[in-house]
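Inside the fold
Chain residues, written in single-letter form:
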Amino acid sequence: MQAEDARYLKRKVKGGSVDVHPTEKALVVNYELEATILGEMGDPMLGERKECQKIIRVKNLHDNSDLTALAREIIDKCKLIHPAKLPEVEQLLYYLQNRKEAAPAKAPTGKTQLMDKPEDPGIDATEVDEVANINDVDEYLDMLYEDLPDKVKGSALLLQLARNPDNLEELFQNETVVSALVRLLREDWKRSTDLATNIIYIFFCFSSFSQFHGVILHFKIGALCMTIVEHELKKQKMWLEELQKKKKAYILFGRSCEADKNSSKLRDDYEKSLKKYDSLIRKQEQLLRVAFYLLLNLAEDLKVEMKMRNKGIVRMLVETLDRDNFELLILVVSFLKKLSIFIENKQEMAELNIIEKLTKLVPCDHEDLLHITLRLLLNLSFDSELRSKMIKFGLLPKLVNLLNNENHKLIILCILYHISLDDKAKSMFTYTDCIPMVMKMLLESPEQPDMELLALCINLAANKRTAAIICEGSGLKMLMKRAFKFHDAFVMKMIRNISQHDGDTKNLFIDYISDLCTAVLNGECDDFALECLGILGNLTIPDLDYELILKEYDLIPWIKSKLQPGAADDDWVLEIVILVGTVCSDDACARLLADSNIIHLLIELLNAKQEDDEVVCQIVYVFYQMIFHEATREIIVKDTQAPAYLIDLMHDKNAEIRKVCDNTLDIIAEFDEEWARRIQLEKFRWHNSQWLDMVETRQAEDMSDGYMYPDDNLDPYLQDADILDRPDLFYGPDGYDQGVMLDGHLTPEYIDDGGLYNGNMDYYGRQGYDDYDDYEPYVRPEAHIGFVDGQPVDRYGRAMEFGQYAPYASDEDDYNYGMR
């Protein structure tokens, strides 16, 4: 069929049923539209039939409305409803009048499905009575070239079509319509908020499907939307400033003594401006919502999202958080949550004080907004600085109060867990009801509690103040009962954290030593038994009889068996060494362990675990504990090589190991002179290592040049000789004369600090000074340095051999030196 054959177009509308809208105060009119193309002879050539709907909103419906008059008015204005359906329409209106609207804020009774992404904007910037038809696209296109009211109407009709996904493909293929909408948005968006909202909404409908993103990006609609949003945010600030000025003037004038008439005029002006401001804000928020939603859809492409970030999308979103529109806030917080996974965006949010703004939304009456806000806070809580700000702005008690809400419990537990990672923040939980609440959750939970709950409890138990609250009453007893009942390693880890704190809480574990020892001995190297062993290692209680425990449960053979190479995992070995260090605080226990050859096992373990700093540190601590006791000190020093290993570890890279080694070696040096000298020598070697290397290198160079010849009868420089008794190492061959200088008259410090020999030569090739006039020799009591009774010295106080040089004759002849 050729297009010119279609001469006539016949449209037929057939009315259908009338029903109520499921959520709004509106009637839904169903009708059937049939379009037929007639040929030259009036015969139908092509026909199409389509089911359509028209929504009639009755916003002014209230309890006192006259339903009969309202139904008659609706039928008169809507030709799609037959007058015979007046009773039916009246009945539907009565139903709408008595139908209860869903309250936006209801206390949750159970778990519900909450939205992670906002819904379709679902708004019409401009409501039109006419029902749009896909066949009339050209008419709507012509409206876009008319005056502003016609442009707004035409864009609203095109929006009706675009909201139906079935029409998007056809609209997309009409390049004229798309180009006209782009041009109109670029040229007239400042003239009408309604027009801009309609056109952006149309492109939002396209952006819901990824295949249309290319065209939207081609026309740079995203960049234009960001420009519009930036402009609208600035306008809102100007409106607010003007409103605040009028409010301030009204308040100040109301306090003055002038006439009430002027005060009343200012009040009316302020109230009128306030109403206008609210109306403008509502329209502006519609525009912001569709614009942000369009940008959110386009941000599926990370490259596009990066461009948005460079243009300031994070700042715009954070500024919008000050609004009160729930739907807009849900969208904005969702967008921020998507952006917050990148550290650059998170840092910018932190600079814009996003935590302070989000604190106002927790809690809120809108469940979906609260849910998505908590999700954003969870993303931000990975940053320690932002966690500190959550504490600063009082978010912690608000989160704790929401723990009873099943919809948000897991998310809040995750946030609280992140906050509890900081040691300073743990004590802040004592000012909330968090500890009793999580204890109740833990004790009432089934066999497998939520991991988020367990992780939070384990962290809280690591703080002394919170641990004391946990143990109040029968808290520790209930935890022990649950841990042994379910063989729960995580609950036992929580108890282990409690056991590490000094004070009254540690004494509470005395009643459970029997259970813990039995669990350790009967455990098959599982995590539960390991935590029990860790608790025993933490029980540093002065009045506890460790000897009785070792003997009653026969722990020494068990300890020796586990310390054998390869007998146990590293975690078990470490905890056993810690336990040995704990029981060694008792004199009798230290003697038992020393007699059972534990020290030699520890030395073997030290050789095998040299790279494990934690194991090494704990073994050194065992030696430190045993050195304290006279009964074991002799065994450590005389019968083992433990002091030698301690000397080797004295300069370890780990600061804690060095600290324990130094303290232990100090005790050894105090009680054994031989080891004291070896320790002193090693410390000297370490502190003067660079100087010793220099001397050794210099000797090797001199020997290679033939200036010195090795003598087998002389001790080497740095091997078996005692360095502290070798003054020749301090001065070198040029600056030391064995027959003239007395031991101790000239020290290495004098050479280094005074600069006696600086490398320069005088006229005769002797070692000299840079400036004779500035030289002032160091003076000791009653003599110059290097003075020997009856021995001549040169002009600088240096000792000379007899017959070498005569003193100078006069000051005028500085170089007139003669031989005697």
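Remember, predicted model here, so these are calculated numbers, not experimental data. (Residues numbered from 1 in each chain as written. Predicted model: local features only at pLDDT ≥ 70, side-chain atom pairs only at ≥ 80, totals over all residues. Heavy atoms only, no water.)

1. With respect to the overall build of the protein
For clarity, the threshold we go by: Strands here are runs of E lasting at least two residues and helices are runs of H or I lasting at least four, both read from the DSSP assignment and numbered beginning at the N terminus. Between two residues, a contact is recorded if the distance between any of their heavy atoms is within 4.5 Å. In short, Shrake-Rupley with a 1.4 Å probe defines the accessible areas, and a residue's cover is counted only from the protein chains shown.
The number of helices and strands found in the protein is 41 helices and five strands. Sequence-distant contacts, at least 24 apart, represent 66% of the contacts inside the protein between residues at least 6 apart. Of the roughly 45,600 Å² that the protein leaves accessible, carbon and sulfur atoms contribute 48%.

2. Observations concerning a negative patch on the surface
Short version of the rule: For patch detection, residues must exceed 30% relative accessible area and be free of salt bridges, and they are connected within 9 Å for like charges or within 5 Å for nonpolar side chains (Val, Leu, Ile, Met, Phe, Trp, Tyr). Any carboxyl oxygen of Asp or Glu within 4 Å of a side-chain nitrogen of Lys or Arg constitutes a salt bridge here. In this tally, Lys and Arg are treated as positive and Asp and Glu as negative; His is ignored, and so are the chain termini. A charged residue contributes its charge at one atom only: NZ of Lys, CZ of Arg, CG of Asp or CD of Glu.
Judged by side-chain charge, Asp-138, Glu-139, Asp-142, Glu-146, Asp-147 and Asp-150 come together as a negatively charged surface patch. At three residues, helix 3 (residues 137-143) tops the list of elements feeding residues into the negative patch. Inspection of the secondary structure puts Asp-142 in helix 3.

3. Thoughts on the confidence of the model for the protein
Condition: As a per-residue measure, pLDDT reflects the predictor's confidence and takes values from 0 up to 100.
Confidence along the protein averages 80 in pLDDT terms, with 76% of residues attaining 70 or more. Between residues 122-126, whose pLDDT stays under 50, and residues either more than four places distant or in other chains, the model counts 19 contacts. Note on residues 801-820: pLDDT under 50 across the span, and 25 contacts to partners over four residues away in sequence or across chains.

4. Some details on unusual backbone geometry
So the rule is basically this: Exposure categories follow from relative accessible area, calculated using a 1.4 Å probe and restricted to protein chains: below 20% of the type maximum is buried, above 50% is exposed, and the middle band is partly exposed.
Following Val-362, the chain continues into Pro-363 via a peptide bond in cis, with omega recorded as -5 degrees. As for its position among the elements, Pro-363 is in the loop between helix 15 (354-359) and helix 16 (367-380). With a phi close to 55 degrees, His-487 is a non-glycine residue in the positive phi region. The residue His-487 is located in the loop between helix 24 (475-486) and helix 25 (489-499) in this model. Here His-487 falls in the partly exposed class, since its relative accessible area comes to 45%. Despite not being glycine, Asp-554 has its phi angle at roughly 50 degrees, a positive value. Residue placement: Asp-554 occurs in the loop between helix 29 (546-552) and helix 30 (555-563). By relative accessible area, which is 48% here, Asp-554 ends up partly exposed.

5. A word on the pattern of salt bridges
Taken as a whole, this structure holds 26 salt bridges when the rule is applied. The residue Asp-322 makes a salt bridge to Lys-357 at a minimum N-O spacing of 3.1 Å. Linking Asp-322 in the loop between helix 12 (313-320) and helix 13 (326-339) with Lys-357 in helix 15, this pair joins segments that are 35 residues apart in sequence. Judged by its relative accessible area of 45%, Asp-322 is partly exposed. The exposure class of Lys-357 is buried, given its relative accessible area of 19%. For the salt bridge of Glu-547 with Lys-551, the shortest nitrogen-to-oxygen distance reads 2.9 Å. Of this pair, Glu-547 and Lys-551 both sit in helix 29, four residues apart, which is roughly one turn of the helix. Looking at Glu-547, the relative accessible area reads 24%, which means it is partly exposed.

6. A word on the packing of aromatic side chains
Put simply, the test is: Paired rings are identified among Phe, Tyr and Trp, the last through its six-membered ring, by centres lying within 6.5 Å, and are further divided according to the angle between planes into stacked (under 30 degrees), edge-to-face (over 60) and tilted (the rest).
By the definition in use, this model includes 10 aromatic pairs. Summarising the aromatic geometry, the rings of Phe-172 and Phe-212 are spaced 4.8 Å apart at their centres and angled 50 degrees between planes, so their arrangement reads as tilted. Note that Phe-172 is positioned in helix 5 (residues 165-173) and Phe-212 in the loop between helix 7 (193-207) and helix 8 (213-218), a separation of 40 residues in sequence. Residue classification places Phe-172 among the partly exposed residues on the basis of a relative accessible area of 25%.

7. Section: helix 31 (residues 570-583)
Note the cut-off: The length a helix should cover is 1.5 Å for every residue beyond the first.
End to end, helix 31 covers 20 Å across 14 residues, agreeing with the expected 20 Å (1.5 Å per residue, within 8%). Across the 14 residues that make up helix 31, a large majority, 12, are buried. Those residues of helix 31 not exposed but buried are Trp-572, Val-573, Leu-574, Glu-575, Ile-576, Val-577, Ile-578, Leu-579, Val-580, Gly-581, Thr-582 and Val-583.

8. Looking at the packing of helix 24 against helix 25
For clarity, the threshold we go by: The convention used is that axes are lines fitted to C-alpha atoms, helices contributing only their stretch in contact, and that angles between N-to-C directions extend from 0 to 180 degrees. By convention, the crossing between two helices is left-handed when the near helix turns anticlockwise from the far helix through less than a right angle, and right-handed when the turn is clockwise. Classification convention: Asp, Glu, Lys, Arg as charged; Ala, Val, Leu, Ile, Met, Phe, Trp, Tyr, Cys, Pro as nonpolar; all other residues, Gly among them, as polar.
Look at helix 24 against helix 25: their axes get within 9 Å of each other, and the N-to-C directions meet at 145 degrees. Crossing of helix 24 against helix 25: the hand is left-handed. Contacts between helix 24 and helix 25 involve Leu-476, Leu-479, Met-480, Arg-482, Ala-483 and Phe-484 from the former and Val-491, Met-492, Met-494, Ile-495 and Ile-498 from the latter. Residues that form the contact of helix 24 with helix 25 fall into these classes: 10 nonpolar, no polar and one charged.

9. As for helix 16
In this model, helix 16 (14 residues) spans 20 Å end to end at C-alpha, consistent with the 20 Å of a helix rising 1.5 Å per residue. Of all the 14 residues making up helix 16, 12 are buried; the element is thus mostly covered by neighbouring parts of the structure. Considered for burial, the residues of helix 16 that qualify are Glu-367, Asp-368, Leu-369, Leu-370, His-371, Ile-372, Thr-373, Leu-374, Leu-376, Leu-377, Leu-378 and Leu-380. Against the buried residues of helix 16 lie helix 13, helix 14 (343-351), helix 15, helix 17 (384-392), helix 18 (395-401) and helix 19 (409-419).

10. A word on the packing of helix 34 (residues 613-628) against helix 35 (residues 630-639)
Let me state the cut-off plainly: Roughly parallel here means an angle under 35 degrees, roughly antiparallel means over 145, roughly perpendicular means 65 to 115, and every remaining angle is called oblique.
The geometry of helix 34 relative to helix 35 is characterised by a closest axis approach of 5 Å and an angle of 125 degrees between their N-to-C directions. Here helix 34 lies oblique to helix 35, going by the angle between them. Touching Phe-623, Met-626, Ile-627 and Phe-628 of helix 34 are Glu-630, Thr-632, Arg-633, Ile-636 and Val-637, all from helix 35. Class assignment for the residues of the contact of helix 34 with helix 35 results in six nonpolar, one polar and two charged.

11. Some points on the side chain of Gln-625
Within the element layout of this structure, Gln-625 appears in helix 34. Dropping the residues within four chain positions of it, Gln-625 is found in contact with Gly-581, Cys-584 and Ser-585.

12. So, the environment of Val-580
Summarising the element assignment, Val-580 is placed in helix 31. Placed 13 residues apart in sequence, Val-580 and Leu-593 show a C-alpha to C-alpha distance of 8.3 Å. Discounting chain neighbours no more than four positions away, the residues touching Val-580 are Ile-559, Leu-593, Ile-598 and Val-622.

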